[in-house]
Amino acid sequence: MMYLKVALLYSRKSKKSFKALFLYQTPQKYYTLKHKKYNLFVTKAEIGGINKIERKCVSMKVTFLGAAHEVTGSCTLIETNGKNILVDCGMEQGADIFENQEIPVNPNDIECVLLTHAHIDHSGNLPLLYKNGFRGKIYATNETSDLCEIMLPDSAHIQETEAKWRNRKAKRAGREEYVPIYDMDDTIGVLQQFRPCNYDEKIRILENVEIRFHDIGHLLGSSCIEIWITESGITKKTVFSGDVGNTNQPIIKDPTPIYDTDDTDYLVIESTYGNRFHTEVPDYITLLAGEFQRTFDRGGNVVIPSFAVGRTQELLYYIRQIKEQNLVKGYGDFSVYVDSPLANEATAIFLQCDVKCLDEEARALVDSGINPLTFSGLKLAVSTDESVAINFDEKPKVIISSSGMCEAGRIRHHLKHNLWRRECLILFVGYQAEGTLGRMLCDGVKNVKLFGEDIEVNAEIKMLDGISGHADKNGLIKWLKTFKKKPEIVFVNHGEEKSCDEFTDCIRNEYGYNSVAPYSGTCYDLLTGEVVVQTYGIRVQKKKTTKRAATVFGRLIAAAERLLAVARSCEGMANKDLAKFADQIDMLSEKWKR
């Protein structure tokens, strides 16, 4: 059982004793202590010298761990009566901007995980949690559970494939073996811990804790989660928004208010688009058809990096209508390749889900016997050979492949074959996190390296405005204002630093909410609403060019200058020898050209 201790510590520096609050033991055997003036780390050995210890049960607390001033890696810890609950356990994607605190309890001491939805930045570290000893329950909606059954094994496959690739290089270089963060066995194990739940049904998960999932309209199965915790006769309710969905998305429903909006004490809300507005909802069918037509007319391919789950199904929904209305002229029944085994499996789950999860338009199509996600010319690539063959099809075509931010997956092969071609279009249809290849392309990078090869970016790069699974600033505020009683505190997370801070300031200054944007490690007492541990963002330090690297580069420049001097000294030599020397220099230059 977890305990909180009040300890009397002696400071050798000040020669005084003072009381401090024992919070938790870290995996490194350090103890975090809270004092009104000092935040301290004390080693286990030093704890033995404490004069007095009083024990009492840990109070009701929330500690923010991941996606704090960042968009990915969602993870929050709730503690109550010595029990530990995680809300989401996501993988970081793209650049790591701030240092994130590790989960401050042993994984085998975690009772359960509450999962808002299946996207990897919310679920991707669940197999790692299992690998480290977690054997508790994972509560998620039925559809989220179904999607995790395909998404987590896919993630494990990526980890294992990357490890094999790295180890081939490491073996040649004599470096240590690279171990994947988790493997397929860990994934199979953690999937056994899922407990599928229905929307809008209150569930008791612990003696003093009840939860309820409510559709938030971001992804099939996505939810906000209401959590009621009771201690000493006092009940506090915390709502986690998860990712608030955009309105007017095809297939799934729009986000709606929770049923009980007058008893929320604390709200944790995302801020992905907290300082931005989507354009007015365009006619995506006409826009996509126009991009296809324009690119095909110049002989190019349309390559769409797309999230395998959610966005790919939306695109198929639109393209079916483009084909049905014959909006692209002169190319007959043009091919549309979906090159993602995960996307193909996800599409099957969308087609088999409870129709209650679908919006009215999609449900009407299904009821009339129309498959909304298939059409003539649709080709599914499952095997590696089928994927490779796509780039031997010389006709103009649409290629939809994952991952959506171009960080992994088959999309990187299609970028290698199409980025250098001026006639092609790379069409982004979703958010690109800072530090990802997708973000760099959108920001105008002129050269990228793929599979060890330098690729010049000649293709047209375009973002299709308005397509997003996330609510924009107006959408977030609209959902927030559905709470009849303002929560005591609104915690803002899941947004890049500027977006997170500006949204926090906006709802505080313009709408009167008591809002804060906690950094990783910040902890609040949910009984009193008081901060227990206050942390400030520690930026991840970028690697600097070492002195040795600078010295080696200097040697390179000196060698080049020497080569130039040798070339000048060759004046008057026979033309045959001059031509041979020139050819050798040209070959050397081509070899090292970046």
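Look up a bit, the structure's there.
The text that follows walks through the structure, step by step, so that each part is easy to find. Positions within a chain are numbered from 1, following the residues in the order the chain's sequence is written. Only residues with pLDDT of at least 70 are given local features in this predicted model, and only at 80 or more are side-chain atom pairs given and counted; all residues enter the totals for whole chains, interfaces and linings. Side-chain numbers come from the whole structure's heavy atoms, not from hydrogens or water.

### Some thoughts on the overall build of the chain
Using the following cut-off: Secondary structure elements are defined from DSSP: runs of H or I of at least 4 residues count as helices, runs of E of at least 2 residues count as strands, and each element is numbered from the N terminus. What makes two residues a contact is simply this: any of their non-hydrogen atoms within 4.5 Å. The protein chains shown are the only cover counted for residues, whose accessible areas, like all others here, come from Shrake-Rupley with a 1.4 Å probe.
Within the chain, the regular secondary structure consists of 16 helices and 28 strands. In the chain, once contacts between residues fewer than 6 apart in sequence are set aside, the share between residues at least 24 apart is 72%. Accessible area of the chain: about 29,300 Å², with a carbon and sulfur share of 51%.

### Considerations on the packing of aromatic side chains
In plain terms, the rule: For Phe, Tyr and Trp, where Trp contributes only its six-membered ring, two rings pair if their centres lie within 6.5 Å, and the inter-plane angle classes them as stacked under 30 degrees, edge-to-face over 60, or tilted in between. A 1.4 Å probe rolled over the protein chains alone gives each residue an accessible area, and that area as a share of the maximum for its type sets the label: buried under 20%, exposed over 50%, partly exposed in between. For a ring to carry a charge above it, either NZ of a lysine or CZ of an arginine must fall within 6 Å of the ring centroid while also lying within 35 degrees of the normal to the ring plane.
This structure, assessed with the given rule, holds 12 aromatic pairs. Here phenylalanine 98 and tyrosine 519 contribute two aromatic rings whose centre-to-centre distance is 5.4 Å and whose plane-to-plane angle is 70°, an arrangement assigned as edge-to-face. Taken as a pair, phenylalanine 98 in the loop between strand E8 (83-89) and strand E9 (110-114) and tyrosine 519 in the loop between strand E26 (515-516) and strand E27 (523-525) lie far apart in primary sequence, 421 residues in all. A relative accessible area of 3% means that phenylalanine 98 is categorised as buried. Members of the aromatic cluster, joined through ring pairs, are Phe64, Tyr266, Phe491 and Tyr524. The ring of tyrosine 513 has lysine 486 sitting right over it, with the charged end atom 4.9 Å from the ring centre.

### A few points about the pairing of E9
Rules: The criterion for strand pairing is that DSSP finds at least two bridges linking the strands in question.
Counted residue by residue, E9 has 4 buried out of 5 residues, so it is predominantly covered. Examined bridge by bridge, E8 and E9 share 4 bridges and lie parallel to one another. Within E9, the residue paired with leucine 86 across the bridge is valine 113. In the sheet, E9 pairs with strand E10 (residues 137-141) via 3 bridges, with the strands oriented parallel. Across the sheet, the residue bridging to valine 113 is isoleucine 138, located in E10.

### A closer look at the pattern of salt bridges
Operational definition: By definition here, a salt bridge exists when the distance from a side-chain nitrogen of Lys or Arg to a carboxyl oxygen of Asp or Glu is within 4 Å.
Here the structure, examined in full by the defined rule, presents 25 salt bridges. Here glutamate 210 ties to arginine 204 by a salt bridge, and the two come within 3.4 Å at their closest N and O atoms. With a closest N to O distance of 3.3 Å, lysine 236 and glutamate 488 form a salt bridge. Of this pair, lysine 236 sits in strand E15 (residues 234-240) while glutamate 488 sits in the loop between helix H13 (473-480) and strand E25 (489-493); the two residues are 252 residues apart in sequence, bridging distant segments of the chain.

### A short note on the nonpolar core
Inclusion rule: To qualify as a nonpolar core, a set must consist of buried Ala, Val, Leu, Ile, Met, Phe, Trp, Tyr and Cys residues joined through side-chain atoms within 4.5 Å.
Ranked by size, the top nonpolar core spans 98 residues in total, and within it Leu114, Leu147, Ile227 and Phe292 carry the most contacts. Setting aside its immediate chain neighbours within four residues, isoleucine 227 contacts Ile78, Val87, Leu114, Val209, Glu210, Ile211, Lys236, Lys237, Thr238 and Phe240. Formed by 21 residues, the second largest nonpolar core is a distinct cluster that contains Cys224, Val244, Leu476 and Cys506.

### Points about H13
Cut-off, in case you're wondering: Note that the arc is defined by the directions from the helix axis to the C-beta atoms.
Along H13, the positions that sit buried rather than exposed are Lys473, Leu476, Ile477, Trp479 and Leu480. Here the buried residues of H13 occupy an arc of 160° about the axis, which is enough to place them on one side.

### With respect to the sheet that holds E9
This is how the line gets drawn: To obtain an axis, a line is fitted to C-alpha atoms, over the contacting stretch when the element is a helix, and the angle between two such axes runs from 0 to 180 degrees between their N-to-C directions.
Spatial strand order, E11-E10-E9-E8-E7-E6-E27-E28: 8 strands in an open sheet with mixed pairing. Looking at strand neighbours, the two that pair on one side only are strand E11 (194-197) and strand E28 (531-533), the edges of this open sheet. Across the sheet, the mean angle from the axis of one strand to that of its neighbour is 25°, orientation sign disregarded. Examined bridge by bridge, strand E6 (residues 61-66) and strand E7 (residues 75-80) share 5 bridges and lie antiparallel to one another. In the sheet register, valine 62 faces E7, and the bridge partner there is isoleucine 78.

### With respect to a positive patch on the surface
Note the following rule: To count toward a patch, a residue needs a relative accessible area above 30% and no salt bridge. Like charges then connect within 9 Å, nonpolar side chains (Val, Leu, Ile, Met, Phe, Trp, Tyr) within 5 Å. None of His or the chain ends enter the tally, which takes Lys and Arg as positive and Asp and Glu as negative. Where a charge lies is defined by one atom per residue type, namely NZ (Lys), CZ (Arg), CG (Asp) and CD (Glu).
Judged by side-chain charge, Lys164, Arg168, Lys169, Arg172, Arg175 and Lys449 come together as a positively charged surface patch. For the positive patch, the element with the most residues is helix H4 (residues 142-173), which contributes 4 residues. Within the secondary structure layout, arginine 175 lies in the loop between H4 and helix H5 (184-191).

### Brief notes about the packing of helix H6 (residues 284-297) against helix H7 (residues 311-324)
Which entries qualify depends on this criterion: When describing relative orientation, an angle under 35 degrees is termed roughly parallel and one over 145 degrees roughly antiparallel, while 65 to 115 degrees is termed roughly perpendicular and anything else oblique. Lys, Arg, Asp and Glu make up the charged group, whereas Ala, Val, Leu, Ile, Met, Phe, Trp, Tyr, Cys and Pro make up the nonpolar group; the residues left over, Gly among them, are polar.
It is at 9 Å that the axes of H6 and H7 come closest, and there the two elements cross at 75°. Comparing their axes, H7 and H6 come out roughly perpendicular. Seen from H6, the contacting residues are Tyr284, Ile285, Leu288, Ala289 and Phe292; seen from H7, they are Leu315, Tyr318, Ile319, Gln321 and Ile322. The class makeup of the residues in the contact of H6 with H7 is 9 nonpolar, 1 polar and no charged.

### A closer look at the packing of H13 against helix H14 (residues 497-509)
What counts here: A clockwise turn of the near helix away from the far one marks a right-handed crossing, whereas an anticlockwise turn of less than a right angle marks a left-handed crossing.
As a packed pair, H13 and H14 sit with axes 12 Å apart at the nearest point and diverge in direction by 45°. As the angle between them shows, H13 and H14 are arranged oblique. Note that H13 runs across H14; the crossing there is right-handed. Taking contact as the criterion, the partners of Lys473, Leu476, Ile477 and Leu480 in H13 are, on H14, Phe503, Cys506 and Ile507. For the contact of H13 with H14, the per-class residue count stands at 6 nonpolar, no polar and 1 charged.

### Thoughts on the environment of asparagine 246
Note the following rule: Here a polar contact means two N or O atoms within 3.5 Å. Within protein one must be a hydrogen donor candidate and the other an acceptor candidate, and residues neighboring in sequence count only if both atoms are side-chain atoms.
Within the element layout of this structure, asparagine 246 appears in the loop between E15 and strand E16 (266-270). A relative accessible area of 12% places asparagine 246 in the buried class. Placed 225 residues apart in sequence, asparagine 246 and alanine 471 show a C-alpha to C-alpha distance of 4.1 Å. Engagement of the side chain of asparagine 246 in a polar contact is seen with the backbone oxygen of serine 468, the distance being 3.1 Å.

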